[in-house]
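Each chain is listed here by its residues.
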Amino acid sequence: IIMLIISLILIFLFVVPKYKETSEFQKKIAEKQAEYAGLSAYYDKVSNTIKNIESREESLRKVESALPENLEFAPLVYFLQKKEAETGLMGKSISLSKSPSDPSKKQIKSLSFTLDLLGNYQGLKNFLYVLENSSRIFEVESISFSSASSGGVLLSQSPFKTYNFKLSIKTHSY
C-alpha cells in the first residue's frame, strides 16, 4: 500500500505535469500547423495570381497603352506623324489642348488636338482605320475637308483628288 501511495505521489509530481506540458505543446503545434496551412494556401493563391498576371502581360500593356498614366505630348505627336506618313497623308500642323483638371482628384484627363492634313480620301480612310485599331483610345470629334489648290490651280491632274482635311480628335489618360 505504501508503494502504491508513493507511486501515486510520484505520478502526480512528475508524470501529470509532463502530460499537461505535452498536451499544451501539441495544441501549439496544431495551431502553428493550421497557421502554416493558411499561409501556404494564401501564398499559393498569390503565386498563381502573379503567374496569371505575367501570362497576360501583353494584354495589360495594351490596356495601359489605351489609357496611359502620364499624358506626354512627344510620343503622341510622333505616333500621329508616323501614321500620317504610313497612310499617305502629309501633316501640315498639329495643335494640342489639354483640358483643365483638378490634380488632387484621380480622374481621367482629356487631351484634344486638331490635325491639318493634306492627302486623298483613301489616305484619310486608312488613317482613321489606323487610329481606330490602335491600342490607344482616340475619339474623332469632327472631320472637315476642302479641295486643295496650288497657286489657284486645282490639283486634280493626279488620279486621286487631293484634299485639305481638318480632324478634331480627343484622347485620354489617368
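Here is a short report on the structure shown in this document. Note that the coordinates shown come from a computational prediction; the quantities given were computed from them, not determined experimentally. (Residues numbered from 1 in each chain as written. Predicted model: local features only at pLDDT ≥ 70, side-chain atom pairs only at ≥ 80, totals over all residues. Heavy atoms only, no water.)

### Points about the pairing of strand 6 (residues 163-173)
Stage number 1. Of all eleven residues in strand 6, eight are buried; the element is thus mostly enclosed.
Stage number 2. With eleven bridges joining them, strand 2 (residues 109-119) and strand 6 adopt antiparallel strand pairing. Considered in strand 6, the bridge of Leu111 is made with Thr171.
Stage number 3. Looking at chain direction, strand 3 (residues 138-147) and strand 6 are connected through nine bridges and run antiparallel. Among the inter-strand pairings, Ile143 is bridged to a residue of strand 6, identified as Leu167. (Buried < 20%, exposed > 50% of the residue type's maximum accessible area, 1.4 Å probe, protein only. Helix = DSSP H or I, 4+ residues; strand = E, 2+ residues; numbered from the N terminus. Pairing = 2+ DSSP bridges.)

### Points about the packing of aromatic side chains
For any pair of aromatic rings, the description consists of the separation of the ring centres together with the inter-plane angle of the planes.
Stage number 1. Across all of its chains, the model carries six aromatic pairs by this definition.
Stage number 2. Arranged with centres 5.3 Å apart and planes meeting at 65°, the rings of Tyr42 and Tyr43 form a pair that is edge-to-face.
Stage number 3. With a centroid separation of 5.5 Å and 85° between ring planes, the pair formed by Phe145 and Tyr163 is classed as edge-to-face. Note that Phe145 is positioned in strand 3 and Tyr163 in strand 6, a separation of 18 residues in sequence.
Stage number 4. These aromatic residues form a ring-pair network of at least three members: Phe79, Phe113 and Phe138. (Phe/Tyr/Trp six-rings, centres within 6.5 Å; stacked < 30°, edge-to-face > 60°.)

### Structural notes on the packing of helix 3 (residues 73-86) against helix 4 (residues 121-133)
Stage number 1. Remark: helix 3 packs on helix 4, axes separated minimally by 9 Å, with the N-to-C direction vectors making an angle of 140°. In this view, helix 3 runs oblique relative to helix 4, as classed from their interaxial angle. At the point where helix 3 passes helix 4, the crossing takes the right-handed sense. Together, Phe79, Leu80, Lys83 and Glu84 of helix 3 and Phe127, Val130 and Leu131 of helix 4 make up the contact between the two elements.
Stage number 2. Partitioning the contact of helix 3 with helix 4 into residue classes produces five nonpolar, no polar and two charged. (Axes fitted to C-alpha atoms, helices over the stretch in contact; angles between N-to-C directions. Parallel < 35°, antiparallel > 145°, perpendicular 65-115°, else oblique. Left-handed = near helix turned anticlockwise from the far one by under 90°. Contact = heavy atoms within 4.5 Å. Nonpolar A, V, L, I, M, F, W, Y, C, P; charged D, E, K, R; others polar.)

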